[in-house]
Amino acid sequence: MSMVYDEYGRPFVILKEQQAKNRVKGVDATKANILAARSISNILRTSLGPKGMDKLLVSPDGDVTITNDGATILSQMEIHQPVAKLLVELSSSQDDEIGDGTTGVVVMAGALLEQAEILMSKGIHPVRIARGFEAASQVAIDHLAKISEKVEFSKDNLQPLLTTAKTTLSSKILQPHKEKMAGIAVQAILDVADIERHDVNFDMIRMEGKTGGSLEDTCLVNGLVLDKEFSHPQMPTMIKDAKLCILTCPLEPPKPKTKHKLQIDSAEAYEELYNQEQKYFRDMIQKIKDSGANLVICQWGFDDEANHLLLQQELPAVRWVGGVEIEHIAIATGARIVARVEELTPDKLGTAGKVEQISMGTNSSRQQDRILVLEDCANKKAVTVLVRGGNKMIVDEAKRSLHDAMCVVRNLVKDNRVVYGGGSAEVSCSLAIRKHADTITGVDQYAIRAFADALDDIPLALAENAGLSPINEVTAIKSRQVKEGIHTIGLGLLSLNETEFTIDSTKGDHTMDMKELGVFETLIGKQQQMQLAAQVVKMILKIDDVISEGQYR
Ligand code: ADP
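Source: prediction; values computed, not measured.

A. Examining the overall build of the protein more closely. A count of helices and strands for the protein gives 16 helices and 23 strands. Its C-alpha atoms give the protein principal-axis dimensions of about 95 × 90 × 45 Å. Within the protein, buried positions represent 50% of all 553 residues. A sequence separation of at least 24 residues applies to 74% of the contacts in the protein between residues at least 6 apart. Within the structure as shown, the protein displays about 27000 Å² of accessible surface, and the carbon and sulfur contribution to it stands at 50%.

B. The nonpolar core, seen in detail. By size, the foremost hydrophobic cluster in this structure holds 85 residues, and its most contacted members are Leu 247, Ile 288, Val 296, Ile 297, Ile 329, Val 355 and Val 385. When residues in this core are grouped by element, the largest group, nine residues, is from helix α7 (residues 178-192). When residues of this core are assigned to domains, at least three fall in each of domain 1 (22-150 + 420-546) and domain 2 (220-389). Those residues within four positions of Ile 288 in sequence are excluded, and the remaining contacts are Cys 245, Leu 247, Leu 251, Ala 293, Val 296, Leu 315, Val 341 and Leu 344. With 54 residues, the next largest nonpolar core counts Leu 87, Ala 425, Ala 454 and Ala 534 among its residues.

C. Quick look at the sheet that holds strand β9 (residues 205-211). Read from one edge to the other, the open sheet built from three strands follows the order β9-β18-β10, with strand pairing classed as mixed. Looking at the sheet topology across the chains shown, the edges are occupied by β9 and β10 (219-221). This sheet shows a mean twist of 25° between the axes of neighbouring strands, independent of strand direction. Note that β10 and strand β18 (residues 383-389) share three bridges and pair antiparallel. The residue bridging Leu 220 from the neighbouring strand is Val 385, located in β18.

D. Molecular detail of unusual backbone geometry. Of note in the backbone geometry, Asp 241 takes a positive phi value of approximately 45° without being a glycine. Look at Asp 241 and you get exposed, because its relative accessible area is 57%. Here Asp 376, not a glycine, exhibits a phi torsion of approximately 50°, which is positive.

E. Layout of the domain arrangement of the protein. What the domain assignment reports for the protein is domain 1 (22-150 + 420-546) and domain 2 (220-389). Centre-to-centre, using C-alpha coordinates, domain 1 lies 51 Å away from domain 2.

F. A look at a negative patch on the surface. Together, Glu 277, Asp 303, Asp 304 and Glu 305 make up a region of like negative charge exposed at the surface. With respect to the element layout, Glu 305 can be found in helix α9 (residues 304-312).

G. Structural view of the packing of helix α4 (residues 102-121) against helix α16 (residues 523-541). At a minimum axis separation of 9 Å, α4 and α16 run at an interaxial angle of 40°. Compared by their axis directions, α4 and α16 come out oblique. Classified by chirality, the crossing of α16 by α4 is right-handed. Touching Gly 104, Val 105, Met 108, Ala 109, Leu 112, Leu 113, Ala 116 and Met 120 of α4 are Gln 529, Leu 532, Ala 533, Ala 534, Val 536, Val 537, Ile 540 and Leu 541, all from α16. Taken together, the residues that form the contact of α4 with α16 break down as 14 nonpolar, two polar and no charged.

H. Focus on the sheet that holds strand β6 (residues 149-150). Reading across the sheet, the three strands line up as β6-β19-β22 and stay open at both edges, with antiparallel pairing between neighbours. The two strands at the open ends of the sheet, each matched to only one other strand, are β6 and β22 (520-522). As paired elements, strand β19 (residues 417-420) and β22 share three bridges and run antiparallel to each other. Each residue of the ladder has a partner; that of Val 419, found in β22, is Glu 521.

I. Looking closely at the side chain of Arg 45. Within the secondary structure layout, Arg 45 lies in helix α1 (residues 26-45). Given the relative accessible area of 16%, Arg 45 is considered buried. Among the polar contacts made by the side chain of Arg 45, one reaches the side chain of Asp 457 at a distance of 2.8 Å. If near-sequence neighbours (up to four positions away) are discounted, Arg 45 is found in contact with Val 107, Asp 457, Leu 460, Ala 461, Glu 464 and Asn 465.

J. Spotlight on empty space enclosed by the protein. In the structure shown here, the tally under the stated rule is two cavities of 30 Å³ or more. By volume, the largest cavity is sized at about 630 Å³. Looking at the largest cavity, it is lined by 39 residues, and the ones nearest its centre are Gly 49, Asp 100, Thr 167, Ser 171 and Glu 521. Grouping the constituent residues of the lining of the largest cavity by class yields 14 nonpolar, 18 polar and seven charged. In this structure, the second largest cavity encloses a volume near 30 Å³. The greatest single-element share of the lining of the second largest cavity, amounting to three residues, is contributed by helix α10 (residues 323-333).

K. The arrangement of the side chain of Gln 529 in detail. With respect to the helices, strands and loops of the structure, Gln 529 is situated in helix α16. Excluding residues that lie within four positions of it along the chain, Gln 529 makes contacts with Gln 94, Gly 101, Gly 104 and Val 105.

L. Helix α3 (residues 82-97), seen in detail. For α3, which comprises 16 residues, the first-to-last C-alpha distance of 23 Å matches the rise-based estimate of 22 Å (1.5 Å per residue) to within 8%. Looking only at α3, the buried set comprises Val 83, Ala 84, Leu 86, Leu 87, Val 88, Leu 90, Ser 91 and Gln 94. Where α3 begins, the capping side chain belongs to Gln 81, and its oxygen is found 2.7 Å from the backbone nitrogen of Val 83.

M. Representation of the pattern of salt bridges in the model. Scanning all chains against the criterion turns up 32 salt bridges. A salt bridge links Glu 117 to Arg 38, with the shortest nitrogen-to-oxygen separation between them at 3.1 Å. With Glu 117 in helix α4 and Arg 38 in helix α1, the pair connects residues that are 79 residues apart, well separated along the chain. The exposure class of Glu 117 is partly exposed, given its relative accessible area of 22%.

N. Summary view of the pairing of β19. Of the pairings in the sheet, the one linking β6 to β19 comprises two bridges and is antiparallel in character. Following the sheet pairing, Lys 150 is matched in β19 by Arg 417.

O. Structural context of a nonpolar patch on the surface. A contiguous nonpolar surface patch, about 470 Å² in accessible area, is contributed by Leu 262, Ile 264, Tyr 270, Leu 273 and Tyr 274. Locating Leu 273 in the fold gives a position in helix α8 (residues 267-290). Under the relative-accessibility criterion, Leu 273 is labelled partly exposed at 33%.

Each value, and the rule that gives it
Residues numbered from 1 in each chain as written. Predicted model: local features only at pLDDT ≥ 70, side-chain atom pairs only at ≥ 80, totals over all residues. Heavy atoms only, no water. Helix = DSSP H or I, 4+ residues; strand = E, 2+ residues; numbered from the N terminus. Buried < 20%, exposed > 50% of the residue type's maximum accessible area, 1.4 Å probe, protein only. Contact = heavy atoms within 4.5 Å. Areas by Shrake-Rupley, 256 points an atom, 1.4 Å probe, with all protein chains shown as cover. Core = buried A, V, L, I, M, F, W, Y, C linked by side-chain atoms within 4.5 Å. Domains from an automatic or database assignment. Pairing = 2+ DSSP bridges. Axes fitted to C-alpha atoms, helices over the stretch in contact; angles between N-to-C directions. Patch = residues over 30% accessible without salt bridge, like charges linked within 9 Å, V, L, I, M, F, W, Y side chains within 5 Å. Salt bridge = Lys/Arg side-chain N within 4 Å of Asp/Glu carboxyl O. Lys, Arg positive; Asp, Glu negative; His and termini not counted. Charge placed at Lys NZ, Arg CZ, Asp CG, Glu CD. Parallel < 35°, antiparallel > 145°, perpendicular 65-115°, else oblique. Left-handed = near helix turned anticlockwise from the far one by under 90°. Nonpolar A, V, L, I, M, F, W, Y, C, P; charged D, E, K, R; others polar. Polar contact = N/O pair within 3.5 Å; in protein donor to acceptor, adjacent residues only side chain to side chain. 1 Å grid on protein atoms, 1.4 Å probe; cavity = no way out; pocket = protein on both sides within 12 Å on 5 of 7 lines; lining within 4 Å. Points joined across faces, edges and corners; volume = space filled by probe spheres on them. Expected span 1.5 Å × (residues − 1).

Structure (structure tokens):
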């Protein structure tokens, strides 16, 4: 603070650090960051596992989402704290790469940060902690590869794929229907996969949600499903051997680009103008027909008159088809997207064996819900999962759950190694890391052990969320894994063939062999979780100064 005088001799005070007073440095900065990140991971912790709770999120415009998918929860929360945002990105990068395990990765990062805080209070420097965590994560990743098992599957033996998909679905809204849904997820992936080359073209799978019906009515369609209908009710509802053109221009007479005024002062002039417009239209439609098309997919709309003309000329059309759908139709039918009617040639048309408009439900109060189904497309691999459900929230959550299950099956087609769930892989890694820590001299040993403690947090959270005693369960898993030497012992919360909670109250604990129970997780998913969590924690621990814009002096 300093006192200065202006040219009239009046004193005033300059507070130099006024704006910079929020700046935090050193250990305080690290601790504040850890606190912010942990508050985020604590929110997700209760959503982990088959008995995890859901979150209800309300967007600023009142839209409600109910979900227990980590990436969705975080992406819909309004988070401003910069370090907390890192965890949001952590979850979304797990989602992009793997598609599942988005809650687990954040819980893991939170547990690591909790351990880091304890070590810092013992006086260990954050950089050393980060170094220890990195070394330990490498041990864990190597150990996971060691304990992983290859599952062999073929077109005749899909059981391993179904079981893994079912594990993912156990913690989701589709849990009661997981048998059927796992089948849909596996079939959808197999339809677009090249098993020999371990390649899955995910873009070929479309998800379409339609409210109405029940989750049980969800189905897989061989082709494309569009939430659209023909533009005129009198158009035929089924077209065989469709040759379709995709237009991204409106079907209407061109409008002058500059402002103009048109004065029509006689009935003849009006008539002439009307005829001119009609002729333009007819020419347009004729050009489309000349190309050989018998179906028009238009990105834009056309007015009633154009619609009527299309009907007259027996050219069925679909209007207002969105950009993403247009691309999917183009890929599936082999059509080229055309921006001007003049450019339309026969080689730019796509083909579909059958295009049918189907009515769904019997909602008589409103217009019936209709969808368009394009079957036997030129590109045989395109498939659509049509998700049905009582309301929009259920349909959206079911879409997310099926997406996760399909991602897991895709990962398995790419790399068929699995580890076992229910916390068994984490406990096994934790034991291996502790063993490794004994061979290390120096302070790093503390950080490596702390990583092992953090891994225990996953089974602890699973047990806590299921209303069990966490410490009892985790110690029981550990002792059985060590005594019996079986690394697949974990916390059995839900048998894959049952829909009810299978807790045997006469037993002291709920440890089970996850292999027998059939709780699989992909190796690459689990490895990615540990690697990403360790990386983000290292990043957070290495921050020792938080400088916001305009606050630096
Ligand atoms: P994420 O979004 O991280 O996939 P989930 O809520 O789907 O989180 O929970 C996944 C966790 O639940 C994994 O650790 C998995 O091993 C565990 N899990 C899934 N099914 C079972 C089961 N039947 N018994 C015990 N644990 C299970």
